[in-house]
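Residue strings, one per chain:
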Amino acid sequence: MGCLISQLAAKFAFFPPTPPTYQVKKRDDGKLVAVSTTSSQPIAIDDSSLDVLSIQTKRGNKIVAFYLRNPYARLTLLYSHGNAADLGQLYDLFVQLKANLRVNLIGYDYSGYGASTGKRLYTCLQTEYGISQEDLILYGQSVGSGPTLHLAAKLPRLRGVVLHSAILSGLRVLCHVKFTLCCDIYKNANKIRKVKSPVLVIHGTEDDVVNWLHGDGLWKKAREPYEPLWIKGGGHCNLELYPDYIRHLCRGYNKNVNDEEEKSLDCCTDWSCLTPF
């Protein structure tokens, strides 16, 4: 029974689009590019700020990552996405976050178990881009909160952690239980107690996939919680479309921003081109 529950929880974790929305190809100069599977055109045409990476994990799997540079960035955001999405769908969102939060951003697609994948990405950020813990924000959306908290529990000097529509654990979503079993996956309710950096929780009050109580429970268990954002009427996959979303993120990890800078952050917010995924 325990094995069956564990398999169900693992199946819940990630449903990548089939077929994928992009492919990775190598140009004549050796540079990797991401090409849309529907138009056969590069996802980002002439975007010198985008690096498409192919990274090998310790298990021998290869993962694809997009690294987007912002010339004005002080911080870098490592984004672990939820299920039913891949980087091809997320690219527009990444561009908006990079611009509006003034950060470098790296997002990745999962291969095998998400927790080990996130750790490998952090190593890449250190070795290839020279990014330290102090300048890194970990961001986990939905089940992406699993690899996010797994990594955050091991890095004591992070700038911060963002949990977006996050889960307390896999089984707590599937079976609506209020306790943790050994066969559970993504035991976030336990791991968040080990996170020493500030934690910002964002959740929609009308989330019918992961109940708001998951976000509230994680916020209450955090050792250093930041003021949470409960988006009234927000669902599971549309919180980026609410104006309060970007404003709250800007305030959370740009605490030294003055009034004029905050006004400019509000003015540059434009989510009209995004669609829920």
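Each value, and the rule that gives it
Residues numbered from 1 in each chain as written. Predicted model: local features only at pLDDT ≥ 70, side-chain atom pairs only at ≥ 80, totals over all residues. Heavy atoms only, no water. Helix = DSSP H or I, 4+ residues; strand = E, 2+ residues; numbered from the N terminus. Buried < 20%, exposed > 50% of the residue type's maximum accessible area, 1.4 Å probe, protein only. Contact = heavy atoms within 4.5 Å. Areas by Shrake-Rupley, 256 points an atom, 1.4 Å probe, with all protein chains shown as cover. pLDDT = per-residue confidence, 0-100. Pairing = 2+ DSSP bridges. Right-handed = clockwise from strand over helix to strand, strands pointing away. Salt bridge = Lys/Arg side-chain N within 4 Å of Asp/Glu carboxyl O. Patch = residues over 30% accessible without salt bridge, like charges linked within 9 Å, V, L, I, M, F, W, Y side chains within 5 Å. Lys, Arg positive; Asp, Glu negative; His and termini not counted. Charge placed at Lys NZ, Arg CZ, Asp CG, Glu CD. Core = buried A, V, L, I, M, F, W, Y, C linked by side-chain atoms within 4.5 Å. Axes fitted to C-alpha atoms, helices over the stretch in contact; angles between N-to-C directions.

As annotated in an unreviewed UniProt entry, the protein carries the name Alpha/beta hydrolase domain-containing protein 17B and is attributed to Sesamum angolense.

Participant: When you look at the overall build of the protein in this model, what are you seeing that I'm missing?
Facilitator: Counting its regular elements, the protein contains 9 helices and 10 strands. The 277 residues of the protein split such that 51% are buried. Within the protein, contacts between residues at least 6 apart in sequence are counted, and of these 66% link residues at least 24 apart. A total of about 13,200 Å² of accessible surface is found on the protein, and carbon and sulfur atoms cover 51% of it.

Participant: Sorry if this is basic, but what is going on with the confidence of the model for the protein here?
Facilitator: For residues with low pLDDT, the predicted coordinates do not support detailed interpretation. Across the protein, pLDDT averages 83, with 81% of residues at or above 70. Here helix α9 (residues 259-267) stands out as the least confident element of the protein, with mean pLDDT 43; strand β10 (residues 229-231) is the most confident, with 98. Considering only residues more than four positions removed or in separate chains, one finds that residues 256-277, a stretch of pLDDT under 50, has 38 contacts.

Participant: Help me understand the pairing of strand β9 (residues 199-204) in this model?
Facilitator: Regular strands have side chains that alternate between both faces of the sheet. With respect to burial, β9 is a largely interior element, 6 of its 6 residues being buried. Two strands pair when backbone bridges link them, and strand β8 (residues 160-164) and β9 are joined in this way by 4 bridges, in the parallel orientation. Opposite Val161, over in β9, you have Val199 as the bridge partner. Taken together, the 3 bridges between β9 and β10 define a ladder with parallel strand orientation. Bridged to Ile202 within β10 is Leu229. Following the chain from β9 across helix α7 (residues 212-221) to the adjacent parallel β10, one finds a crossover that is right-handed.

Participant: Looking at this model, I keep getting lost on the pattern of salt bridges. Mind explaining?
Facilitator: Pairing between side chains of opposite charge can happen when the charged atoms of each approach one another. What the rule picks out here adds up to 6 salt bridges. Between Arg69 and Asp51 there is a salt bridge, with its nearest N and O atoms 2.6 Å apart. Of this pair, Arg69 sits in the loop between β4 (62-68) and β5 (75-80) while Asp51 sits in strand β3 (residues 50-56), and the two are 18 residues apart along the sequence. For Arg69, a relative accessible area of 33% translates into the label partly exposed. Taking the shortest distance from any N to any O, the salt bridge between Lys220 and Asp216 comes out at 3.0 Å.

Participant: Got a minute to help me understand helix α4 (residues 145-152) in this structure?
Facilitator: It helps to recall that an α-helix has 3.6 residues per turn; residues three or four apart then point in one direction. Burial of α4 is extensive: 7 of the 8 residues sit out of reach of the surface. Residues Ser145, Gly146, Pro147, Thr148, Leu149, Leu151 and Ala152 constitute the buried set of α4.

Participant: Looking at this structure, how should I read a positive patch on the surface?
Facilitator: Among the surface-exposed residues, Lys58, Lys119, Lys154 and Lys194 lie close enough to one another that they form a single positively charged patch. Residue position: Lys194 is located in the loop between α6 (188-191) and β9. Given the relative accessible area of 52%, Lys194 is considered exposed.

Participant: What is the right way to look at the nonpolar core in this model?
Facilitator: In a soluble, globular protein the nonpolar side chains are often hidden away together inside. Counting residues in each nonpolar core, the largest one holds 35 residues, and the members touching the most others are Phe66, Tyr79, Leu97, Leu101, Ile202, Tyr245 and Leu249. In terms of residues, this core owes the most to one element, helix α2 (residues 87-101), which gives 7 residues. Of all hydrophobic cores here, the second largest spans 32 residues; its members include Ile106, Leu121, Ala152 and Leu218.

Participant: What is the right way to read the sheet that holds strand β6 (residues 103-108) from this model?
Facilitator: Sheet strands associate in pairs through backbone hydrogen bonding, adopting either a parallel or an antiparallel arrangement. Spatial ordering of the open sheet is given by β3-β4-β6-β5-β7-β8-β9-β10, a layout of 8 strands whose pairing is mixed. Of all the strands in the sheet, just β3 and β10 have a single pairing partner and so form its edges. Each adjacent strand pair in this sheet contributes to an overall mean axis angle of 15°, direction not counted. When β5 meets strand β7 (residues 136-141), the two strands line up parallel, connected through 5 bridges. Bridge pairing links Tyr79 to Tyr139 in β7. Lying on the sheet, α4 is in contact with β5, β6, β7 and β8; it crosses β7 at an angle near 150°.

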